[in-house]
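# Coordinate inspection notes
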Number of protein chains: 2
Amino acid sequence: MSNPLLLPELRSLLADKNETELREMLSELHPASVADFSEGLSVEETWELLSLAPIERQEEIFTFYPHSKQEQLASGVGRERMSSLLERMSHDDRVDLLKQLDDEVVDNLLPLVAKAEREDIRRLMSYAEHTVGSVMTTDYAALPPDVSVDDAVARLRRQAPAAETIYFVYVVDKEHHLLGVVSLRDLILAKSGAIIRDLMQSDPVSVQADQDREDVAREVAKYDLLAIPVVDSQNRMVGIVTHDDVADVVKEEATEDFHLTAAIAPLTKGYGHSGIWPLYHRRIGWLVILVFVNLVSSGVIAAYEDVLAAAITLAFFLPLLIDSGGNTGSQAATLIIRALATGEIQLTQWWKVLVKELAVGISLGLTMALASAALGYFRGGVEIGLIVGLSMLCIVFTTNLVGVLLPFILTRLKVDPAVASSPLITTVADASGLLIYFTIATWVIDLPTTS
Amino acid sequence: MSNPLLLPELRSLLADKNETELREMLSELHPASVADFSEGLSVEETWELLSLAPIERQEEIFTFYPHSKQEQLASGVGRERMSSLLERMSHDDRVDLLKQLDDEVVDNLLPLVAKAEREDIRRLMSYAEHTVGSVMTTDYAALPPDVSVDDAVARLRRQAPAAETIYFVYVVDKEHHLLGVVSLRDLILAKSGAIIRDLMQSDPVSVQADQDREDVAREVAKYDLLAIPVVDSQNRMVGIVTHDDVADVVKEEATEDFHLTAAIAPLTKGYGHSGIWPLYHRRIGWLVILVFVNLVSSGVIAAYEDVLAAAITLAFFLPLLIDSGGNTGSQAATLIIRALATGEIQLTQWWKVLVKELAVGISLGLTMALASAALGYFRGGVEIGLIVGLSMLCIVFTTNLVGVLLPFILTRLKVDPAVASSPLITTVADASGLLIYFTIATWVIDLPTTS
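Residues numbered from 1 in each chain as written. Chains lettered and ligands numbered in written order. Predicted model: local features only at pLDDT ≥ 70, side-chain atom pairs only at ≥ 80, totals over all residues. Heavy atoms only, no water.

Let us look at the pattern of salt bridges. All names here are of chain A. Applying the stated criterion across every chain, the model contains 34 salt bridges over all chains. Between Arg-213 and Glu-256 there is a salt bridge, with the nearest N and O atoms lying 3.9 Å from each other. One end of the pair, Arg-213, is in helix 14 (residues 213–223); the other, Glu-256, is in helix 15 (residues 243–261), with 43 residues separating them in the sequence. Residue classification places Arg-213 among the buried positions, given a relative accessible area of 6%. (Salt bridge = Lys/Arg side-chain N within 4 Å of Asp/Glu carboxyl O. Helix = DSSP H or I, 4+ residues; strand = E, 2+ residues; numbered from the N terminus. Buried < 20%, exposed > 50% of the residue type's maximum accessible area, 1.4 Å probe, protein only.)

In structure tokens, the structure reads:
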């Protein structure tokens, strides 16, 4: 939505060629705001405005335009401007940008891009989402093994302007097989006559382009790397992933886990860029599935309908008991899921965690039982107090156990344990909580049993 | 818990001085496993084993020992070994290590550490948790402004072995005021006679040591920095934070948000290192608070007890309706909380989000209403179908709205919106869901009104 108050002002600044003020605005406002109020400009005007910002800024603003505006900017009269922007951008960023556009627009655009760049784009775009290839860049610095340090530094000087980083330089043979890595630090410290082959670290940590991008994040974090080389199945170097892209992967994966935990299918474009349909679509699936899972709880209530009718005071404590169960289970599951995701605990340590959590579960259960027994007593006397307290103890203990074990079991079954964990555990907690509550109630007070 | 099967084997390897096999084991096993089965060794034996590993590995293994073992290793006969390890470690890592120990042990240990290092440790340890100072390191590379590139590279060669990074070099005056930054890339590309002052980027992005560590993460991500300089209130340089430490901060903050969302107070040591008491302690608080918040729901049920008693079939749909409300609210809140945390949406954009979510809420509500009306019809006929469907529509719409708005309101009130968000919203959803359900039920069927 364009801001009608600012648009005329912006237009007049453009007409007056008031570059100072426009540049200032471009650098000071959030790219989202710039996109917001420049949306009403024509394609020509928009490119005129964008060209005043540094390349990275142009790209950021571009990503904040709605899809239709992006398509306009990249087709028709905008094609030429777009292609020259693409030629100057870093190799991984431009692929990210192109992925936002429709295939047809990209196909019309690419012929205008220089051939070498075009092939690079095609290669990078061919990697599937969530693979290492989809986050890597091809503009890395490389050296043959048999040059001297002096020669190497001279070569690096030539490669520096185009390379994403020159702090790690990859040593490759003529067929581009990855032989080793040498840091600029080592080059600076080495004697000028030394040969790269003797200086390099052989067999460096690397990842394959078709691996999961989470693997890259794990390796980079483990070895505190600045960049990691990416190879194909023949150990030929095809790119690098740098620390800032790894940071983005870590952030996106955490966001995905947050969403999964709340039963939201991962959004491809982030919340800010997602419209009503994707948001609906990603949420409704699990909501409807959970309705049916919830029928188990309804079934338990139906089975004990007579019990409930005979002692309607029991209904008073229903939300309290099932929610406490859900809360306890979610807490436990969240702790385990996150600890597994960060590698803080291993799958094989499940028994150790179990022993610890049995003790935690008992302690939590006893405390909660005391609190709720008191409430039960005030509300309905000794019997109700006993029922509520005892139920709470069993529910908290059980749901804690479910919350602890479920992530281990799901991980073992190669299912992401974050998937819908909180609502799923809440639902399981409901059903088991109701069962425990009604069973204990029928024991303690003389009520009609299940019909 | 030590593994009694492996301990004798380990002891015999140590006695035989079989360093090859021990080193192999140290590098191949996870530090946690090494800590696990070497726990039974004496202090002397443990240090003998540790000294075979590289420094970083020693430190990792150390952190996996239980507290009591760590104290033993750092006091008595272990003091000397520990102090020499501390002298060789990087400045930020050793402070992290010392923070795990009791003050008394640290006080006994520090006199054995070289004076300059000791003062550095004291200074770094004095920063409060969650500040920039607590994650920075003091071993950075610095240059005066008036040296030539050649001279600068020569100085860097001398600083390189001790510095955490030499890829960014900070230009400071005699009083250590931060004047600028120059990258090693720029130094390599510059003419050898050029003066640093002309080459450096002035007024670099920096953070203050007492700022929140989250600020560092945000700045580093924004500018894709490798390292960021840390200054005091007089702009005197006191340290740097490097990209790998930023990655740790991001990971820890995400973990904290995961825990907060599930109503767990942040763990100081991570799940793997937390015993039963801290785990109990961090969880019970919110669980008990939520019991009392839940009394609102109980109150609603109590108010409509007669309605429920008169039409006990309504109980069948209780879990379904309140859980769906909770799930919808949690989904919405999670989306907003995460988008606010990653900076994808801004606080000021609340109205834009609201408009979008009104549409999403209606769509979700209508779909869910259809599904549950069908269930209601099968179970209890037209009237029940109508009640359940209509209630579901209102509940999903309302809880979605609550889930969307609550994070904005909490952020505005300077409360972390992640705090207990899921259980809190579930509880609010329960109370409002019950109220909606019973109100609609009393409208549709001729039931006794609230007594």
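Additional details are given in the paragraphs that follow.
To continue, consider the relation of the copies chain B and chain A. Take chain B, turn it by 180°, move it 0.0 Å along the axis, and it overlays chain A with an RMSD of 0.1 Å. What the rotation and shift describe, once combined, is the action of a two-fold rotation axis. Proximity to the rotation axis, assessed at the C-alpha, singles out Ala-309 of chain B in chain B; its C-alpha lies 3.0 Å from the axis. (Least-squares fit on C-alpha atoms with pLDDT ≥ 70 in both.)

With 104 residues of chain B at the interface, the matching set in chain A holds 105 residues. Buried surface at the junction of chain B and chain A, both sides included, amounts to about 9,400 Å², of which 67% is carbon and sulfur. Connecting chain B to chain A are six salt bridges. Among the salt bridges present, the one from Arg-283 of chain A reaches Glu-357 of chain B, with a minimum N-O distance of 3.3 Å. One can count 43 residue pairs in polar contact (both at pLDDT 80 or more) joining chain B with chain A. With 17 residues, the top contributor of residues to the side of chain B that touches chain A is helix 16 (residues 276–303) of chain B. (Contact = heavy atoms within 4.5 Å. Buried area = accessible area lost by both parts, 1.4 Å probe. Polar contact = N/O pair within 3.5 Å; in protein donor to acceptor, adjacent residues only side chain to side chain.)

Here the focus is the sheet that holds strand 6 (residues 227–231) of chain A. Residue and element names in this part refer to chain A. As summarised here, the arrangement of the three strands in space is 5-6-7, forming an open sheet in which the pairing is mixed. Two strands close off the open sheet at either side, each with one partner strand: strand 5 (207–208) and strand 7 (237–242). Where strand 5 lies against strand 6, two bridges are found, and the strand directions are parallel. Each residue of the ladder has a partner; that of Gln-208, found in strand 6, is Val-231. Across the sheet, helix 14 touches strand 5, strand 6 and strand 7, and the angle it forms with strand 6 is around 140°. (Pairing = 2+ DSSP bridges. Axes fitted to C-alpha atoms, helices over the stretch in contact; angles between N-to-C directions.)

Residue and element names in this part refer to chain A. This prediction gives chain A a mean pLDDT of 87; 98% of its residues lie at or above 70. Ignoring residues within four places in sequence, the model shows residues 1–5, a span with pLDDT below 50, making nine contacts including any to other chains. Interface confidence for the predicted complex, expressed as ipTM, amounts to 0.77; the pTM equals 0.78. (pLDDT = per-residue confidence, 0-100.)

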